[in-house]
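# Structure assessment
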Amino acid sequence: MPQVITWPPVSIAAYGVGPTRPGSTSYGMRGNPYYSQYRAAREQYDVDVLSVSTTQDGLGYLTALRRQLDGQVPLVMIRPLSALHWAAWAPLLGLRGATDLEWTADGRTLTWDLSWRDGVVITATVKSDGSWNAIRCTGLPPNRMIAYPDEIVRDSTGATARVLKAERSDAGGGAVIRLDGPLAAGEVVIGALESRVMEITDWFTPRVSFGQEVMKMSMRQVFATDFPDAFVEVDPWS
């Protein structure tokens, strides 16, 4: 049963995220190309972690992670941000859908009888945008960019699709968002995050210095079908 360690709370200076293209191109007698892909595309994630940052514990956390993964496949659970600069999505936090809040104290989850939600409720109806899947959303802030390409949209069933083109809301707070797949009508969250199980393929070299160090790591996505047993997530940090 593969054990997956939750990614530690470290400060990230830069990251790169995107899918692989695990295929090949062959050429016919006339030079015409043929592309074939028999393996599933997997997300890649490259990250630069600060050794000191404001909390002075980055190197300690990553060294602890390395010890936790000793003797096993180095699997971690991450929630990568989208392939956008933070200045694009940060001003829209809480304005593109309501999410459930999880209360904690001293790093430990608290159980409440009441449900708490944060953010503005965004409602969607299903439509098409030319030959593409799309949803029409209401309840958005008016007259501003509200969706960016490759952001994730999640519906109330938990299904997700990615935004294909930048979209702007109208004066009434409505917008049609073109997607790469179908979603259900109802509440949606634009700019949602998804968890990914990643295998660390390239580790940093631990080094203590008098200044800030950038620790570079690379990862590739793994699927549950890659293993005979289900994942078990372990969180040593909370």
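Structure report, in brief.

## Concerning the sheet that holds strand S14 (residues 152-155)
In space, the 6 strands of this open sheet follow the order S15-S14-S18-S11-S12-S17, with antiparallel pairing throughout. Edge positions in the sheet fall to strand S15 (160-162) and strand S17 (175-179), since each of these pairs with one other strand and no more. If you compare each strand with its neighbour and ignore which way they point, the axes differ by 40 degrees on average. As paired elements, S14 and S15 share 3 bridges and run antiparallel to each other. What sits directly across from Val-153, in S15, is Ala-161.

## Points about the pairing of strand S5 (residues 43-50)
In terms of residue burial, S5 counts as a mostly covered element, since 6 of its 8 residues are buried. In the sheet, strand S2 (residues 12-19) pairs with S5 via 7 bridges, with the strands oriented antiparallel. Counted as the bridge partner of Tyr-15 is Val-47 from S5.

## Side note on the packing of aromatic side chains
Going through the model one piece at a time under the given rule, you end up with 4 aromatic pairs. Pairing Tyr-61 with Trp-237 gives two aromatic rings, centres 5.6 Å apart and planes at 85 degrees, and the pair type is edge-to-face. In this pair, Tyr-61 is assigned in helix H1 (residues 58-68) and Trp-237 in the segment after strand S21 (232-234), connecting sequence segments 176 residues apart. Aromatic side chains Trp-203 and Phe-204 sit 6.5 Å apart centroid to centroid with 50 degrees between the ring planes, which places their arrangement in the tilted category. Classification of Trp-203 by relative accessible area gives partly exposed; the value is 22%. A residue is classified by how much of its surface remains accessible, and Phe-204, at 5% relative accessible area, is buried.

## Observations concerning the side chain of Ser-51
Along the chain, the position of Ser-51 falls in the loop between S5 and H1. Among residues more than four places away in sequence, those in contact with Ser-51 are Gln-56, Asp-57, Gly-58, Leu-59, Gly-211, Gln-212, Glu-213 and Met-215.

## Thoughts on the sheet that holds strand S6 (residues 75-78)
The mixed open sheet is built from 7 strands, whose spatial order is S2-S5-S20-S19-S6-S1-S21. Each of the sheet's edge strands pairs with one partner strand only, and the pair in question is S2 and S21. Going across the sheet, the axis of each strand differs from the next one's by a mean of 35 degrees, ignoring polarity. As paired strands, S6 and strand S19 (residues 196-202) are joined by 4 bridges and run antiparallel to one another. Looking across to S19, one finds that Val-76 is bridged to Met-198. Where H1 meets the sheet, its contacts fall on strand S1 (3-6), S5, S6, S19 and strand S20 (214-221), and the angle it forms with S20 comes to roughly 40 degrees.

Quick notes on the rules
Along each chain, residue indices are assigned from 1 in the same order as the chain's sequence is written. Side-chain atom pairs in this predicted model are given and counted only at pLDDT of 80 or more, local residue features only at pLDDT of at least 70, and totals for whole chains, interfaces and linings cover all residues. With hydrogens and water stripped out, all remaining heavy atoms of the structure feed into the side-chain values. Criterion used throughout: strands pair if DSSP finds at least two bridges between them. Only DSSP runs of H or I covering at least 4 residues are called helices, and only runs of E covering at least 2 are called strands; the numbering of each starts at the N terminus. Here, axes are lines fitted to C-alpha atoms. For helices the fit covers the stretch in contact, and angles between N-to-C directions go from 0 to 180 degrees. Exposed residues in this analysis have more than 50% of their type's maximum accessible area, buried residues have under 20%, and partly exposed residues fall in between, with area computed by a 1.4 Å probe over protein chains only. Any pair of Phe, Tyr and Trp rings, taking the six-membered ring for Trp, is counted once the centres come within 6.5 Å. Such a pair is stacked with planes under 30 degrees apart, edge-to-face with planes over 60 apart, and tilted for the rest. We call two residues contacting when some pair of their heavy atoms lies within 4.5 Å.

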